[in-house]
Amino acid sequence: MARSLSWDNLKYELQPWIRTAIDAMGFEIMTPVQASTIPMFSGNKDVVVESVTGSGKTIAFTIPILEKVVKEVLSGSPLKRGHFYSLIISPTRELSKQIQDVVEAFLAYYPSESCPIKSQLIVGTSSCSVRDDVSKFLENAPQILIGTPGRVLDFMKASTVKTSSCGVVVLDEADRLLDVSFEKDVESILGMLPKQRRTGLFSATISSAGNQIYRTGMRNPVKIAVKSKVQNPESLQINYIVVKPEEKLHHLLNIINNMRYRKCIVYFPTCQAVTYFYSFLKHLSDISKTRDDLEVYSLHGKLQTNSRIGTLAKFSTSLNIAVLLTTDVAARGIDIPEVDLVLQFDPPTNAEMFLHRCGRTGRANRAGKAITFINCGREEDYIDFLGVKNISLGELEISFRPVDELGVIFKSWVLQDRARFEHGIKAYAAFIRYYSKHSASSIFRLQSLDYVGLAKLYGLIRLPRMPEITKYMSADATPSEGWLIDPPLDLDHFSYLNKQMERARQEELKKTKEISDKKKLKSELKKKNAAWSNKTTSKETRKERKVKLAEKRKAIEQKIAEAGSEDESDGEEDWKDLVRRNKKAKTCSQIQGDFSDL
């Protein structure tokens, strides 16, 4: 045990019950970030804390908050109705719930029953409105509030919620909270809080926030950075595998079926991909293509809050080998015990998120392994790109072992239900949109993407009609009519398993056919009518033109005859010359005014 990191050597005297809680929860020694942050933040310093993922930042701000709240509670002045002492903001509901669990774990050791300390979680759910949050707040009078920016802002706008007593605010994953997604909400919240307060910003990648940190109202903050030569913790081993797109699913199954691990998190690029591959993995489990003791869970941002929190709890407490398929919603700050393997199906759109994903394992000096799939070709340059950002990766030498008949099984599964076919297309299109937004656009280019290989990965039987495919795929590389199966499928007879959906499709198909038939009949009648009417109109127009021309010529000849009888000369003037002379006379007659003085 490093004596300098012993809790006895902390340069701040902790409340006895907090020290008891630390020992009971098994935190034998401090981490460097805790040793540096707790004395500063417990005093009267604003802090900006940057430390590698899994280094104990949550404890580093939880203890100072509890210290300050206890002093307020024991000061003798009771908390006024509608007031609170501290606020913790995080970007996701899962992280907010996790922080509250840590706070409550400490409060379980708080001895005073006469002056209880309480916390309240404020996140959006389908079962709890803002009004419900406010009612609960007024009834229970919690001193510590923990929540996500949007819901916290709506909560604080309530007239019965008073912010003047808030003495400390923490932004966890501060760089994320200060980007464009949350920036306005966070600034509005901070603007409603007292200026004389303590502010703490915490993240593994706080430097990416840049000058945004100065918009949080901090006064002469202390920056605490605990870094090493590489950004990933020493206990975390990060590897990559160069693969062909159509082989990714084979590699995923080989790893989760054969590698030793307790819990594994698999990161997918989109919500659609999570639900799609989750459904297929459940099918593979049913036909015994996955290990017998494997439990599979899915989590993404489009699920209801209660479902997300419930899934995370089940995965965390599972006693079996478990795999969680998720998106970046579970990439920041989430601390799940016994996660010793992280797989990235595709690299994230920015390097900071890459490190946050990997950091779900190898936490608190526990060994962990992270593996990223890199598409062969241009994406291999991503390894050097991460190296520039001090993220060290090693290539994992692993032989490709195709899963028996996986392609046949996938195709058969898709063809059982039109809904799966449509879901696969949506997931495919969502990935291409995701890919186009990559920050390393010189590496992740739509021009070099293997569209056919990617379609095979997503189990597609036909390439969708997309401008990216039309623009970047050559005519030689594009399958006939986009079909990836032979013979092509009659889509009109491709049905849904869901009877209600199929009935609705049949009705829509019938209407479309009727409309199509009516349009066709109308078009044919229009052609026939148009031909007859056009001919008639043309004939009538020609006749009218001839009559008018004859009348005009007759009038001109009459004028010529009259002019000839009055003219003393013997010569006859051509009628065309007469017309020209008449036109010239009309033109001259239009000029008015005397210009002799000019």
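Residues numbered from 1 in each chain as written. Predicted model: local features only at pLDDT ≥ 70, side-chain atom pairs only at ≥ 80, totals over all residues. Heavy atoms only, no water.

**Observations concerning the pattern of salt bridges**
Note the cut-off: A side-chain nitrogen of Lys or Arg and a carboxyl oxygen of Asp or Glu constitute a salt bridge if their distance falls within 4 Å. Under the scheme used here, helices are H or I runs from DSSP no shorter than 4 residues and strands are E runs no shorter than 2 residues, and both carry numbers assigned from the N terminus. Think of it in three bands: with a 1.4 Å probe and only protein chains considered, a residue is buried below 20% of the maximum accessible area for its type, exposed above 50%, and partly exposed in between.
Evaluated as defined, the whole model comprises 16 salt bridges. When the shortest N-O distance is used, the salt bridge between D101 and K97 registers 2.8 Å. With D101 and K97 both in helix α4 (residues 93-107) and 4 residues apart, this pair spans about one turn of that helix. Here D101 falls in the partly exposed class, since its relative accessible area comes to 40%.

**What about helix α6 (residues 149-156)?**
Cut-off, in case you're wondering: The contact criterion used throughout is that any non-hydrogen atoms of two residues lie within 4.5 Å.
In terms of burial, α6 is a largely internal element, 6 of the 8 residues being buried. Within α6, the full set of buried residues consists of P149, R151, V152, L153, F155 and M156. Elements that come into contact with the buried residues of α6 comprise β2 (86-89), β3 (119-122), α5 (130-140), β4 (144-147), α7 (174-177) and α8 (183-192).

**Remarks on the sheet that holds strand β5 (residues 168-172)**
Using the following cut-off: Criterion used throughout: strands pair if DSSP finds at least two bridges between them. Simply put, an axis is a line fit to the C-alpha atoms, just over the touching stretch for a helix, and the angle between two N-to-C directions goes from 0 to 180 degrees.
Strand order across the open sheet formed by 7 strands is β3-β4-β2-β5-β6-β1-β7, with parallel pairing between neighbours. Here the strands that pair on one side only, and so sit at the sheet edges, are β3 and β7 (222-226). For this sheet the average axis-to-axis angle between neighbouring strands, irrespective of direction, equals 15°. As paired strands, strand β1 (residues 47-51) and β7 are joined by 5 bridges and run parallel to one another. Bridging from a neighbouring strand, S51 pairs with V226 of β7. Sitting on the sheet, α4 touches β2, β3, β4 and β5, and the angle it makes with β3 is about 175°.

**Comments concerning the packing of α5 against α6**
Cut-off, in case you're wondering: Handedness of a helix crossing follows the sense of rotation of the near helix relative to the far helix, less than a right angle counterclockwise being left-handed and clockwise being right-handed. Charged residues are taken to be Asp, Glu, Lys and Arg, nonpolar residues to be Ala, Val, Leu, Ile, Met, Phe, Trp, Tyr, Cys and Pro, and polar residues to be all remaining types, Gly included.
For the pair α5 and α6, the least separation of the axes is 9 Å and the interaxial angle reads 65°. Between α5 and α6 lies a crossing whose hand is right-handed. Residue-level inspection shows V130, D133, V134 and F137 of α5 in contact with α6, the latter providing R151, D154 and F155. The residue inventory of the contact of α5 with α6, partitioned by class, reads 4 nonpolar, no polar and 3 charged.

**Describing the sheet that holds strand β9 (residues 263-267)**
One open sheet accounts for 7 strands, arranged β10-β11-β9-β12-β13-β8-β14; its pairing is parallel. If you trace the sheet from one side to the other, it starts and ends with β10 (294-299) and β14 (394-395), each paired once. As paired strands, β9 and strand β12 (residues 339-344) are joined by 5 bridges and run parallel to one another. Each bridged residue has a counterpart across the sheet, and for C264 the counterpart in β12 is L341. Contacting β8 (236-243), β9, β12 and β13 (368-375), helix α12 (residues 351-358) runs over the sheet at an angle of about 145° to β12.

**Considering the environment of R131**
Among the structural elements, R131 can be located in helix α5. Residue classification places R131 among the exposed positions, given a relative accessible area of 68%. When the C-alpha atoms of R131 and D154 are compared, they prove to be 9.5 Å apart, with 23 residues separating the residues in sequence.

**Observations regarding the pairing of β1**
Taking burial as the measure, the 5 residues of β1 include 5 buried ones, the bulk of the element. Burial of the side chains of β1 extends over both faces: V47, V49 and S51 are buried on one face and V48 and E50 on the other. Direction of pairing for β1 relative to strand β6 (residues 198-203): parallel, over a ladder of 4 bridges. Paired with V47 across the two strands is G200, which belongs to β6.

**Examining the nonpolar core**
How we decide: The nonpolar core is taken to be a set of buried Ala, Val, Leu, Ile, Met, Phe, Trp, Tyr and Cys residues, with the residues joined through side-chain atoms within 4.5 Å. Marked domain ranges trace back to an automatic or database domain assignment.
Formed by 133 residues in total, the largest nonpolar core has its most connected members in F277, Y428 and Y458. When residues of this core are assigned to their parent elements, the largest contribution, 9 residues, is made by helix α3 (residues 57-73). There are two domains that each give this core at least three residues, and those are domain 1 (2-225) and domain 2 (236-482). Here F277 is in contact with L249, F268, L325, F345, F410, L457 and Y458, once residues within four sequence places are set aside. F137, A158, A174 and L177 belong to the second-largest nonpolar core, a separate cluster that totals 30 residues.

**Some details on a negative patch on the surface**
To keep it simple, the criterion reads: Exposure above 30% relative accessible area and no salt bridge define the residues that can form patches, which grow by joining like charges within 9 Å and nonpolar side chains of Val, Leu, Ile, Met, Phe, Trp and Tyr within 5 Å. Per-residue and other accessible areas follow the Shrake-Rupley method at a 1.4 Å probe size, with only the shown protein chains counted as cover for residues. Counting rule applied: Lys, Arg positive; Asp, Glu negative; His and chain ends not counted. The atom standing in for a charge is NZ when the residue is Lys, CZ when it is Arg, CG when it is Asp and CD when it is Glu.
Taken together, the side chains of E380, D381, D384, E395 and E397 make up a negatively charged region of the molecular surface. Residue classification places E397 among the exposed residues on the basis of a relative accessible area of 69%.

**Here we look at the environment of G424**
Relative to the helices and strands, G424 resides in helix α15 (residues 418-436). Along the primary structure G424 and A455 are separated by 31 residues, whereas in three dimensions their C-alpha atoms are 8.8 Å apart. Not counting chain neighbours up to four residues away, the residues in contact with G424 comprise Y276, Y458 and L460.

**Observations concerning α5**
Along an α-helix, residues three or four apart share an orientation, since each turn contains 3.6 residues. Spelled out, the test is: Here the arc refers to the set of directions running from the helix axis out to each C-beta atom.
Turning to α5, its buried residues number three or more, namely D133, V134, F137 and L138. The buried residues of α5 all sit within an arc of 130° when viewed along its axis, so they share a single face. Exposed residues on α5 whose side chains face more than 90 degrees from its buried face are R131 and E139. In this fold, the buried residues of α5 make contact with β3, β4 and α6.

**Here's the deal with the confidence of the model for the protein chain**
Heads up, the condition is: Confidence scores per residue from the predictor, reported as pLDDT, run from 0 to 100.
Of the residues in the protein chain, 87% have a pLDDT of 70 or more, and the chain-wide mean is 86. Scored below 50 in pLDDT, residues 528-537 shows 0 contacts in the model against residues more than four places distant or in partner chains. Here residues 568-573 scores under 50 on pLDDT; set against residues more than four positions off or in separate chains, the count is 3 contacts.

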